[in-house]
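# Results of the structural survey
Spelled out, the chains give:
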Amino acid sequence: GIECAEWVGFDNFKSLFSEGSKLGTTFMRVLGWTLVWAVLATFTSYFFGMLLALLINKKGIKFKKLYRTMFVATIAVPQFVSLLIMSKMLDAGGGGMGSGGGIITQLIERIFNFHLQFGLDINTTRICIVLVNMWIGIPYSMLMCSGILMNIPNELYESARIDGAKPARRFFKITL
């Protein structure tokens, strides 16, 4: 015959969150990093993308199309290829220009006398992952914010200026 699985109900959750549970400790550590990652990945990409869009769209800036093209180049290359290249550039050893690893690892070692241990040290790896995510995510946010900024009528800013709104207030009430 066919054997039926034994129903355990919420016993797995009890064992997961019971005091001293190795599984629970691991779960909470991974959950904590996931939450930190979600906040950092979202905030940094959006904030710096918006800042970049504001800088590029500012009146008097020359070569706007060139700047946009430079930052959008990361979007033109498939993300898998970009991430593979970054992985090689951050290699801790054996895969780069010489025995020191990838080119970024070697540059950091020569300039700052610090050996970047991407993939070997968890905290260094997390920082690198956030930075690589910014490198890929900022251009998307920049494009989105640029499109929005170009569609804000100048009359709104002029009206606010005439009404006495300071630059910070205009930014928070109109731009943001």
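In this text the structure is predicted, and so the values were computed from the model without any measurement. (Residues numbered from 1 in each chain as written. Predicted model: local features only at pLDDT ≥ 70, side-chain atom pairs only at ≥ 80, totals over all residues. Heavy atoms only, no water.)

## Describing the overall build of the protein chain
A tally of helices and strands in the protein chain yields 8 helices and 0 strands. For the protein chain, the N- to C-terminal ordering of α and β elements is α-α-α-α-α-α-α-α. When its C-alpha atoms are laid out on the principal axes, the protein chain stretches across 80 × 50 × 35 Å. Put simply, of all contacts in the protein chain between residues at least 6 apart along the chain, 49% involve residues at least 24 apart. For the protein chain, the distance from the average site of its 17 positive side-chain charges to the average site of its 10 negative ones is 19 Å. (Helix = DSSP H or I, 4+ residues; strand = E, 2+ residues; numbered from the N terminus. Contact = heavy atoms within 4.5 Å. Lys, Arg positive; Asp, Glu negative; His and termini not counted. Charge placed at Lys NZ, Arg CZ, Asp CG, Glu CD.)

## Concerning the layout of surface pockets
Where empty space is left in the structure can be found by rolling a water-sized probe over the atoms. In this structure, the largest pocket occupies an estimated 690 Å³ of space. What lines the largest pocket is a set of 18 residues, among which Asn57, Lys58, Lys59, Asn154 and Tyr157 lie closest to the centre. At the level of elements, helix 2 (22–57), helix 3 (64–76), helix 6 (122–150), helix 7 (154–162) and helix 8 (167–175) are the ones that each hand at least two residues to the lining of the largest pocket. Class assignment of the residues belonging to the lining of the largest pocket gives a composition of 8 nonpolar, 3 polar and 7 charged. (1 Å grid on protein atoms, 1.4 Å probe; cavity = no way out; pocket = protein on both sides within 12 Å on 5 of 7 lines; lining within 4 Å. Points joined across faces, edges and corners; volume = space filled by probe spheres on them. Nonpolar A, V, L, I, M, F, W, Y, C, P; charged D, E, K, R; others polar.)

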